[in-house]
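# Close look at the chain arrangement
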Amino acid sequence: MIAVDYYELNDGNALPAVGFGTFSLRGEDGVAAMRTALETGYRLLDSAVNYGNEEEVGRAVRASGLAREDVRITTKIPGRHHEYSLAVKSVEDSLRRIGSDYLDLVLIHWPNPSVGKYVEAWRALVDVRERGLVRSIGVSNFTERHLRAVIDDSGVTPAVNQIELHPYFPQDAMRRVDAELGIRTQSWSPLGKRSAPFAEQPITRAAAAHGVTPAQVVLRWHVQIGALPIPKSADAQRQQENLDVFGFELSDAEVAAISGLAREDGRLFGGDPDHHEEM
Ligand SMILES: NC(=O)c1ccc[n+]([C@@H]2O[C@H](COP(=O)([O-])OP(=O)(O)OC[C@H]3O[C@@H](n4cnc5c(N)ncnc54)[C@H](OP(=O)(O)O)[C@@H]3O)[C@@H](O)[C@H]2O)c1
């Protein structure tokens, strides 16, 4: 089993430096994939109300035989639940579906600025944390403006900002903002999903130099820039490969060359949080 480093968050809690993405893992196959991930050594499962797989997450954790406190479970409240009372109920319903009396991390999935209620949703998350239902609270797809709005209103800084981040879209500016505010950046679609940059020279060259795969180079790059990737794989072998990134180190030049793959608009599907909305 692979041992993973941990990051301490601004609220004193800790998260493993690589987590497991669960988008599209549903039903019996989904539970089986999450179980092999836990057997491999993943200790963070990233779910969301909108993934429709919170029950599967709970089942996989119970079936793993691991103690509940040894696994971090993340979920995300959807745009349609931003009103205060709906956000509180959203978390309570997630707890019921997962079958746990607390969650490790709950995020606001998207700011949905046209709805105009993400500050209200944040107040609800602060309160459910006070009640002990949630250990850490954070956001996803927030820009500096959205971050400052919730911090100014509540005085509480999110522990995590989960954003699109991969070599074609390294998010230098947002990572700087997160770091200045003491927020841990998590990387969604860390491999670049269907547009993975595995054939790019800086990646193939580093893979050959270190005797690892292109995916391992990309995930090690996340670790070395201080971002926390949550790769998804349905395949036990690729799950193992994706977690096994703590036995080698990229040089500064290799990290810089991979960051140099950045494209003007490197987003996978135009998910600019000022415009893209998900309910
Ligand atoms: N907050 C948000 O708005 C947001 C948005 C998107 C995603 N997310 C989270 O981020 C997680 C990860 O993102 P993602 O699933 O979009 O993309 P990803 O993890 O970058 O890529 C997943 C894809 O890469 C393949 N893959 C995995 N490991 C591989 C390897 N070692 N070699 C080659 N191919 C490999 C997978 O196929 P196989 O399964 O067949 O291995 C799958 O098709 C999601 O599951 C979700 O938890 C959050």
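## As for the site of the ligand
Close to the ligand lie 27 residues, the nearest being Asp-46, Ser-189, Lys-232, Ser-233 and Arg-238. Contacts to the ligand include Thr-22, whose backbone N or O atom sits 3.4 Å from an oxygen atom. At a separation of 3.3 Å, an oxygen atom of the ligand approaches a polar backbone atom of Lys-193. Out of a free accessible area of 910 Å², the ligand has 84% covered by protein chains. Tallied by class, residues from the shell around the ligand come to 11 nonpolar, 10 polar and 6 charged.

## A short note on helix 9 (residues 236-243)
Those residues of helix 9 that sit buried are Gln-239, Asn-242 and Leu-243. Each buried residue of helix 9 lies within a common arc of 95° when the element is viewed along its axis, so the set occupies one face. Buried positions along helix 9 lie against strand 3 (20-21), helix 1 (27-40) and helix 8 (214-224). Structurally, the start of helix 9 carries an N-cap: the backbone nitrogen of Gln-237 is 3.1 Å from a side-chain oxygen of Asp-235.

## Side note on the nonpolar core
In terms of nonpolar packing, the biggest core is built from 81 residues, with Val-91 and Trp-122 touching the most fellow members. By residue number, the principal contributor to this core is helix 4 (residues 118-130), which donates 7 residues. If near-sequence neighbours (up to four positions away) are discounted, Val-91 is found in contact with Ile-77, Leu-103, Val-106, Leu-125, Val-128 and Val-134.

## Comments concerning the pairing of strand 8 (residues 160-164)
Most of strand 8 is tucked away, with 5 of its 5 residues classed as buried. Bridge count for strand 7 (residues 134-140) against strand 8 is 2 bridges, and the pairing is parallel. Across the sheet, the residue bridging to Ser-140 is Gln-162, located in strand 8. On the question of chirality, the crossover connecting strand 7 to the parallel strand 8 by way of helix 5 (residues 144-154) is right-handed. Examined bridge by bridge, strand 8 and strand 9 (residues 184-188) share 5 bridges and lie parallel to one another. Of the residues in strand 9, the one forming a bridge with Glu-164 is Trp-188. With respect to chirality, the unit in which strand 8 leads through helix 6 (residues 172-181) into the neighbouring parallel strand 9 is right-handed.

Cut-offs and rules
Residues numbered from 1 in each chain as written. Predicted model: local features only at pLDDT ≥ 70, side-chain atom pairs only at ≥ 80, totals over all residues. Heavy atoms only, no water. Near = heavy atom within 4 Å. Polar contact = N/O pair within 3.5 Å; in protein donor to acceptor, adjacent residues only side chain to side chain. Areas by Shrake-Rupley, 256 points an atom, 1.4 Å probe, with all protein chains shown as cover. Nonpolar A, V, L, I, M, F, W, Y, C, P; charged D, E, K, R; others polar. Buried < 20%, exposed > 50% of the residue type's maximum accessible area, 1.4 Å probe, protein only. Helix = DSSP H or I, 4+ residues; strand = E, 2+ residues; numbered from the N terminus. Arc of directions from axis to C-beta. Contact = heavy atoms within 4.5 Å. Core = buried A, V, L, I, M, F, W, Y, C linked by side-chain atoms within 4.5 Å. Pairing = 2+ DSSP bridges. Right-handed = clockwise from strand over helix to strand, strands pointing away.

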